Amino acid sequence: MKRSPLALALVNGALIGLAAISLAPLFWMLAVSFMQPGEASHFPPPWWPSHPTLHNYRELFLRNGMATYLFNSALIATGVTLISVLLNTLAGYAFAKLRFRGRERTFRALLAALVIPAQVAMMPLFLLLKQMGLVNTYFGAMVPGLAGIFGIFLVRQYARSLPDELLEAARIDGASEARIFFQVVLPALRPILVTLAVFAFLGAWNDFMWPLIVLGDQDMQTLPVALATLSREHVQDNELMMAGAVVTIVPVLVLFLMLQRYYLQGLLVGSVKG
Amino acid sequence: MRASLAGWAFVAPALSVILLFFALPVLAAFALSVTDFDIYALADPRNLRFVGLDNYIGLLTNPLFWKALGNTLYFVVVGVPLSIAASLTAALLLHSKLARFKPFFRTALFAPVVTTVVAVAVIWRYLFHTRYGVMNWLLSLAGIAPIDWLGDPHWSMPTIILFAVWKNFGYNMIIFLAGLQAIPEDLYEAARIDGASWWKQLTHVTLPMLGPVLLLVSILTMAGYFQLFAEPYVITQGGPLQSTVSVLYMMYDEGFKWWNLGNASAVAFLLFLLMTAATSGLLWFARKRGVE
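Residues numbered from 1 in each chain as written. Chains lettered and ligands numbered in written order. Predicted model: local features only at pLDDT ≥ 70, side-chain atom pairs only at ≥ 80, totals over all residues.

Draft legend 1. Spotlight on the overall build of chain B. A count of helical and extended segments in chain B gives 14 helices and zero strands. The order of helices and strands in chain B, counted from the N terminus, is α-α-α-α-α-α-α-α-α-α-α-α-α-α. When its C-alpha atoms are laid out on the principal axes, chain B stretches across 75 × 70 × 35 Å. In chain B, buried positions account for 42% of the 292 residues. (Helix = DSSP H or I, 4+ residues; strand = E, 2+ residues; numbered from the N terminus. Buried ≥ 20, exposed ≤ 12 C-beta atoms within 10 Å, placed from the backbone.)

Draft legend 2. Local environment of the overall build of chain A. When you go through chain A residue by residue, the secondary structure sums to 13 helices and zero strands. What you see in chain A, going N to C, is helices and strands ordered as α-α-α-α-α-α-α-α-α-α-α-α-α. Taking 19 Å as the expected radius of gyration for a compact globule of 274 residues, we find that chain A reaches 23 Å, considerably beyond that expectation. C-alpha extents for chain A along the principal axes are approximately 75 × 70 × 35 Å. Across the 274 residues of chain A, 43% fall into the buried class. When contacts within chain A are restricted to residue pairs at least 6 apart in sequence, those whose partners lie at least 24 apart make up 76%. (Rg over C-alpha atoms; globule rule 2.2 N^0.38 Å. Contact = placed C-beta atoms within 7 Å.)

Draft legend 3. Seen up close, the environment of M142 of chain A. Residues and elements named next belong to chain A. Along the chain, M142 turns up in helix α6 (residues 138–142). What makes M142 buried here is the crowd of 24 C-beta atoms within 10 Å. Through-space distance from the C-alpha of M142 to that of V80 is 5.7 Å; in sequence the pair is 62 residues apart.

Draft legend 4. Seen up close, the environment of A170 of chain A. Residues and elements named next belong to chain A. Looking at the secondary structure, you find A170 in helix α8 (residues 164–172). For A170, a count of 18 C-beta atoms within 10 Å corresponds to the partly exposed category. If near-sequence neighbours (up to four positions away) are discounted, A170 is found in contact with A175, I180 and V184.

Draft legend 5. Structural detail: the packing of helix α3 (residues 66–97) of chain A against helix α10 (residues 190–206) of chain A. Residues and elements named next belong to chain A. Where α3 contacts α10, the two axes come as close as 8 Å, and the packing angle between them is 140 degrees. Comparing their axes, α10 and α3 come out oblique. With respect to the hand of their crossing, α3 and α10 are arranged in right-handed fashion. Contacts between α3 and α10 pair S73, I76, A77, V80, T81, S84, V85, N88 and T89 from the former with L193, L196, A197, A200, F201, A204 and W205 from the latter. Class assignment for the residues of the contact of α3 with α10 results in eleven nonpolar, five polar and no charged. (Axes fitted to C-alpha atoms, helices over the stretch in contact; angles between N-to-C directions. Parallel < 35°, antiparallel > 145°, perpendicular 65-115°, else oblique. Left-handed = near helix turned anticlockwise from the far one by under 90°. Nonpolar A, V, L, I, M, F, W, Y, C, P; charged D, E, K, R; others polar.)

Draft legend 6. Molecular detail of the nonpolar core. In this structure, A91 and A245 of chain A together with A14, V118 and A121 of chain B are the most contacted members of the largest nonpolar core, which totals 167 residues. With residues near it in sequence (within four places) discarded, A91 of chain A still touches I152 of chain A together with F10, V11, A14 and L15 of chain B. (Core = buried A, V, L, I, M, F, W, Y, C linked by C-beta atoms within 7 Å.)

Draft legend 7. How the structure looks around unusual backbone geometry. Omega for the peptide link from F43 of chain A to P44 of chain A comes to -5 degrees, which places this bond in the cis form. Among the secondary structure elements, P44 of chain A is positioned in the loop between α1 (5–33) and α2 (55–63). A cis amide bond links G239 of chain B to the next residue, P240 of chain B, at an omega of -15 degrees. With respect to the element layout, P240 of chain B can be found in the loop between α12 (230–235) and α13 (247–257). Of note, Q237 of chain B is a non-glycine position whose phi angle comes to about 55 degrees, a positive value. Of note, Q237 of chain B is situated in the loop between α12 and α13. The phi torsion at W259 of chain B lies on the positive side, around 60 degrees, for a residue other than glycine. As for its position among the elements, W259 of chain B is in the loop between α13 and α14 (261–288).

Draft legend 8. Seen up close, the interface of chain B and chain A. Facing the 74 residues of chain B at the interface are 77 residues of chain A. Residue classes in the side of chain B that touches chain A are distributed as 60 nonpolar, eleven polar and three charged.

Draft legend 9. Expanded view of the confidence of the model for chain B. All names here are of chain B. Scored by pLDDT, chain B comes out at a mean of 93, with 98% of its residues at no less than 70. Looking over chain B, one finds the lowest element-wise mean pLDDT in helix α2 (residues 39–43), namely 88, and the highest in helix α4 (residues 63–95), namely 97. Across the predicted assembly, pTM comes out at 0.94 and ipTM at 0.93. (pLDDT = per-residue confidence, 0-100.)

Draft legend 10. Representation of the packing of helix α11 (residues 211–226) of chain B against α14 of chain B within the structure. Residue and element names in this part refer to chain B. Closest axis-to-axis distance for the α11/α14 pair is 10 Å, and the angle between their directions is 165 degrees. Relative to α14, the element α11 is oriented roughly antiparallel. Note that α11 runs across α14; the crossing there is right-handed. On α14, the residues touching L215, S218, I219, M222, A223 and F226 of α11 are L271, L274, M275, A278, T279, L282 and A286. Per-class residue counts for the contact of α11 with α14 are eleven nonpolar, two polar and no charged.

Dropping the structure here:
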């Protein structure tokens, strides 16, 4: 392998270029969010606030109800995460380790359903939730994320590597299946639970189309829905909108940075081995 | 026997959620698509009528549907190969033995994937502003006249494609990286002994070995790109001149702006049909080329 300085510079130069393209829009967003109103609308575009200010954030939280949207997003994403992790883990573990009649057929049917895009279900789902009085409620926004075929699949893949002797030993000791699940299986599945939780939280937080449909009431809206509405009303308020984007993106970006090992691992289990 | 009962008890909660909130609505969507469900039926179900395939026929004779279909196909046909090329390039660079600070670069290139589509789409609107946008400033440095990215119907879809590539390439990059790491080193060893150049190694060892991964990534990316919605909703609102109305955008407008839920369901089913056909086509092509 020849390691010429030229090749070294080319490879790393290209990587620096790609990293700049990836991060520059996010950096620009952060810088503009601290600018005075109107400051970003200059040519050439400024990359640093001349007099940094929190004015835009104050405006968002005091005048535009940003705290409500932040709360709604956090509540819905947390609810989806807690419920879906529990339901998917129960099902994924059962598909991997418990014998029951029709197990393989049920699992194959689930996998086949993966090809159906979620949007097909949205019109009847809306009517169903309307009947149930769940339109414009937090639970209504959580519904599509409460259990997921992909999540069940992820847990099943991981749970298959649990040693059967471990479960048998607990059974011989007279432990109930529920007790085995909570005291033996859950601790052993911890890494995949974190993965599942990160996926669920990011998915719910970033989701747009369903919350847009089901949360018509402004007080109930999540950050992405509110941001889309605000950006239509405040087309000229560059700096304000960038502050809104910061509030929306930073929580998930921080979460990802803290747990990226789990996230990337899940991504690979879910796709390459699938 | 105990295990059998326990098994069903464990899968029951998740299965009921999926049945009630997904499987049932999918079936109901088909039923809905052969009715004229509209805002009057929403108020009183007695206004509902069976119309057979009228919604489908209506769509196939509706110029806006064909426009939306054309725009979506444009986005898929140009966007998917571009995204995959970007992902593969990034993965090859990251996989190179010459690359430094790999964990940092991997995280940096992946960061756009976890961001919220709506929020970064809002950023994009300002980056591609005709007068004050960073993009036109960069072009001006190269001596190129400003482009009306979001106002010119010829440039609106390319802008959205650039956005999608930027936002998504990190995802497939991670999958490609894993694929590259799984290629046995002796294959390259043998190629080098035969005097194969860097390019020869790429086309004769790396790409053939990546075949199955490439197929998987193409299918997943295509399925995702057919579902284009939030990007045009935020960046261009479907305009200018409906140049960025996608099939799902049309479904949303039909269903939840005009409350023609029957018609919207028909749009959704046509999209599903199209996605199935495209995926089957890709699999057929891959099988013919001997990738499995």
